[in-house]
Amino acid sequence: GTANIGVVGLAVMGANLARNLASREGNTVAVYNRSPERTRTLLAEHPEAGFVPAYSVEEFAASLARPRTAIIMVQAGAATDAMIDALVEVFEPGDIIVDGGNAYFPDTIRRERAVRETGINFVGAGISGGEEGALKGPSIMPGGSDEAWQTLGPILRSIAAVAEGEPCVTHIGHDGAGHFVKMVHNGIEYADMQLIAEAYDLIRRGTGMSPAEIAEVFAEWNRGELESYLIEITAEVLRQEDAASGGPLVDVILDQAGAKGTGAWTVQTALSLGVPASGIAEATFARSLSSHPEQRAAAAGLPGPAVAPALADPAAFIEDVRQALYASKIVAYSQGFDVIRAGAAEHGWSIDLGAVSRIWRAGCIIRAQFLNRIAEAYAAEPGLPLLLSAPYFAEALGRGQAAWRRVVAHATGAGIPAPAFASSLAYYDGLRAERLPAALVQGQRDFFGAHSYRRVDRPGSFHTLWSGDRSEVEV
Ligand code: NDP
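Residues numbered from 1 in each chain as written. Predicted model: local features only at pLDDT ≥ 70, side-chain atom pairs only at ≥ 80, totals over all residues. Heavy atoms only, no water.

1. Thoughts on the nonpolar core
- If you look at the biggest cluster of nonpolar residues, it comprises 90 residues, and the most contacted ones within it are Phe-218, Trp-221, Ile-351, Trp-360 and Phe-421.
- At 15 residues, the largest contribution of residues to this core is made by helix α14 (residues 314-347).
- In this view, Phe-421 contacts Leu-195, Glu-198, Ala-199, Leu-202, Val-321, Ala-324, Leu-325, Ser-328, Trp-404, Val-407 and Val-408; residues no more than four positions away in its chain are not counted. (Core = buried A, V, L, I, M, F, W, Y, C linked by side-chain atoms within 4.5 Å. Buried < 20%, exposed > 50% of the residue type's maximum accessible area, 1.4 Å probe, protein only. Helix = DSSP H or I, 4+ residues; strand = E, 2+ residues; numbered from the N terminus. Contact = heavy atoms within 4.5 Å.)

Written out as structure tokens, the structure reads:
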């Protein structure tokens, strides 16, 4: 075979990734798709790519130079398992199978273990950036073995997005580490999107500004510390007019947010790791709440505040919302990085959190200026226990917290739901509290379940004889 890399699955993501690979010096790209029409179409539309087409897995394997390296971009789930099984039949020890789809990381751990038995390398690689990223340069999060990374690294570096001269790809860790980090990336994306949506809602309902006017606010924010892809596209969406109604497009889009599962996976994982990823959870639940029209109809008549609080100074309120958004965003990322750190500890991965923040600076959906600040925080202190306590973020939170409180108070008073803003503030206040009512929870647990408690004044575990003479015993 002559091709140094192959792509399996030529729907939009695979086709774009294959074209990206083919456009880089030194790559010859073999392509295969289950139904041959997609392969033929890709070849006809992109003769410049010099693709080596294959119409069976045997032909595909024969077209690849050793070690064979193939990236699978098919539907996540059963389709991915089917393609892996087919490739394992025709590949040989030392070859490399990469799953570039959105696999659930436990599936990747399972697949890696099974494929490794055959001597073939299996790499689960998270790829972010959607269609455009796949074509022009995504952010890539590969797991798998060090041996596979030797071959794969240069190829992935050649197609990844570039941030400040650095390709947005790094070997995240073994087996499922790449898909784990991609999952958390998506969870953070949920939180970021929800925070922006809450900011829009608060400004619109608070000031009465039109979506097009609010688009200008976001465009302005995009020139400051909030500069990011998601803020940029928010302005585009808000500016868009609907041809049919003549009004803003956002007003004719059904207000029920969909989800493909990565937010829920992140929250489920955070729950089982015991990491309070409350911003991501609220964002995921907010999508769920929006998608229950029957319950929303049933609740539609419930009372809200009798009088909405008036905003004395709309411009000052908008600046408050901006600061609340920035503060809540710091919380969401801090929580996301906590999930990664805890996941790494649980699964034995050594994940460089600074490197993760650097490869998210370009190519992916959450790309933002902000990630440079995170990279700097980890560069200054690689073992940072809490991202939001790094000097830059602590200062920003200190600067923004008064505005944050005013915004959450306004939302509460006006009856405007701002779950991600409010829960991020509660998380911040919870972490910084000198004493938490967790002491009372421990007392309750000891009362009904004899779960015992520790004391602030001496070591050991204690139990109060609640149903006896209420004296305390050491347990
Ligand atoms: P789809 O998820 O729509 O999958 C379509 C592809 O899967 C086709 O090539 C199809 O082949 C193939 N396929 C389906 N079932 C089988 C099967 N049983 N055996 C072999 N091949 C099968 O394609 P996308 O390009 O949208 O996404 C590809 C992957 O990338 C997915 O895992 C997705 O989650 C992930 N991803 C997508 C992003 C996006 O923005 N769309 C972003 C990041 C990741 P056929 O033509 O024969 O039907």
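2. Observations concerning the sheet that holds strand β1 (residues 5-8)
- Reading across the sheet, the 7 strands line up as β3-β2-β1-β4-β5-β6-β7 and stay open at both edges, with mixed pairing between neighbours. A strand with exactly one partner marks an edge of an open sheet, and here the two such strands are β3 (52-54) and β7 (139-142). On average, each strand axis in the sheet is inclined to that of its neighbour by 25 degrees, with strand direction left out of account.
- Strand direction decides the pairing type here: strand β2 (residues 29-32) and β3, joined by 3 bridges, are parallel. What sits directly across from Ala-30, in β3, is Val-52.
- Helix α2 (residues 36-45) rests against β2 and β3 of the sheet, and its axis sits at about 140 degrees to β2. (Pairing = 2+ DSSP bridges. Axes fitted to C-alpha atoms, helices over the stretch in contact; angles between N-to-C directions.)

3. A short note on the site of the ligand
- Contacts to the ligand come from 19 residues, most closely from Met-13, Asn-33, Arg-34, Ser-35 and Arg-38.
- Within the backbone of Leu-10, a nitrogen or oxygen atom sits 3.5 Å from an oxygen atom of the ligand.
- Relative to its unbound accessible area of 900 Å², the ligand is 78% covered by the protein chains.
- For the shell around the ligand, the secondary-structure elements that each account for two or more residues are α1 (12-22) and α4 (78-90).
- Taken together, the residues of the shell around the ligand break down into 10 nonpolar, 7 polar and 2 charged. (Near = heavy atom within 4 Å. Polar contact = N/O pair within 3.5 Å; in protein donor to acceptor, adjacent residues only side chain to side chain. Areas by Shrake-Rupley, 256 points an atom, 1.4 Å probe, with all protein chains shown as cover. Nonpolar A, V, L, I, M, F, W, Y, C, P; charged D, E, K, R; others polar.)

4. Let's talk about the pattern of salt bridges
- Inspection of every chain in the model, using the stated rule, returns 30 salt bridges.
- Here Glu-164 ties to Arg-361 by a salt bridge, and the two come within 3.9 Å at their closest N and O atoms. With Glu-164 in the loop between β8 (162-163) and β9 (166-167) and Arg-361 in the loop between α15 (353-359) and α16 (370-380), the pair connects residues that are 197 residues apart, well separated along the chain.
- Taking the relative accessible area as the measure of exposure, Glu-164 reaches 67% and is therefore exposed.
- Here Glu-376 makes a salt bridge to Arg-373, at a shortest N to O gap of 3.1 Å. One end of the pair is Glu-376 and the other is Arg-373, both in helix α16 and 3 residues apart, which spans about a single turn.
- Glu-376 sits in the partly exposed class, given a relative accessible area of 45%.
- Among the charged side chains, a salt-bridge network with shared partners connects Asp-81, Asp-99, Asp-107, Arg-110 and Arg-111. (Salt bridge = Lys/Arg side-chain N within 4 Å of Asp/Glu carboxyl O.)

5. Overview of the UniProt feature "domain: 6-phosphogluconate dehydrogenase C-terminal" (unreviewed entry) in the protein chain
- The positions that UniProt labels "domain: 6-phosphogluconate dehydrogenase C-terminal" (unreviewed entry) are, in the present scheme, residues 178-467.
- Secondary structure content for residues 178-467 is 64% helix and 2% strand, while the C-alpha to C-alpha distance between its ends is 52 Å. (UniProt positions renumbered as here; feature names shortened; annotations may be inferred.)

6. A look at the environment of Ile-96
- Of note, Ile-96 is situated in strand β5 (residues 96-99).
- Residue class for Ile-96 comes out buried when judged on its relative accessible area of 1%.
- Along the chain, Ile-96 and Phe-122 lie 26 residues apart, while their C-alpha atoms are 5.9 Å from each other.
- Apart from the residues lying within four places of it in its own chain, the contact partners of Ile-96 are Arg-68, Thr-69, Ala-70, Phe-91, Asn-121, Val-123, Ala-148 and Thr-151.

7. Quick notes on the confidence of the model for the protein chain
- For the protein chain, the mean per-residue pLDDT works out to 97, and 100% of the residues sit at or above 70.
- In the predicted complex, the global pTM is 0.96; the interface-specific ipTM is 0.97. (pLDDT = per-residue confidence, 0-100.)

8. Here's the deal with the sheet that holds strand β11 (residues 461-464)
- Read across the sheet, 3 strands follow the order β10-β11-β12 without closing on themselves; strand pairing throughout is antiparallel. Bordering the open sheet on either side are β10 (453-454) and β12 (472-474), each of which pairs with just one other strand.
- Where β11 lies against β12, 3 bridges are found, and the strand directions are antiparallel. What sits directly across from His-463, in β12, is Val-473.

9. Topic: the environment of Phe-60
- When you line up the elements, Phe-60 lands in helix α3 (residues 57-62).
- In this structure, the C-alpha to C-alpha distance between Phe-60 and Gly-1, residues 59 residues apart in sequence, is 9.0 Å.
- Residues contacting Phe-60, with those up to four places away along its chain left out, are Gly-6, Val-7, Val-8, Ala-30, Val-31, Tyr-32, Ala-54, Ala-70, Leu-87 and Phe-91.

10. Regarding the UniProt feature "active site" (unreviewed entry) in the protein chain
- Per the UniProt record, "active site" (unreviewed entry) is found at Lys-182 and Glu-189.
- Counting through the fold element by element, Lys-182 comes out in helix α8 (residues 177-207).
- Not counting residues within four places of it along the chain, the set of residues in contact with Lys-182 comprises Asn-102, Gly-126, Ile-127, Ser-128 and Met-141.
- By the secondary structure assignment, Glu-189 is in helix α8.
- Sequence-distant contacts of Glu-189, that is, excluding residues within four places in its chain, are made with Leu-230, Ile-365 and Ile-366.

11. Observations concerning the packing of aromatic side chains
- One pass over the structure, following the stated rule, counts 15 aromatic pairs.
- Measuring from centroid to centroid gives 5.6 Å for Tyr-326 and Phe-370, while their planes differ by 80 degrees, and the two rings are edge-to-face. Linking Tyr-326 in helix α14 with Phe-370 in helix α16, this pair joins segments that are 44 residues apart in sequence.
- Note on Phe-370: relative accessible area 1%, which makes it buried.
- Taken together, the ring pairs connect Tyr-104, Phe-105, Phe-180, Trp-265 and Trp-349 into an aromatic cluster.
- Positioned above the aromatic ring of Tyr-229 is the side chain of Arg-367, whose terminal nitrogen or guanidinium carbon lies 4.0 Å from the ring centre. (Phe/Tyr/Trp six-rings, centres within 6.5 Å; stacked < 30°, edge-to-face > 60°. Lys NZ or Arg CZ within 6 Å of the ring centre and 35° of its normal.)

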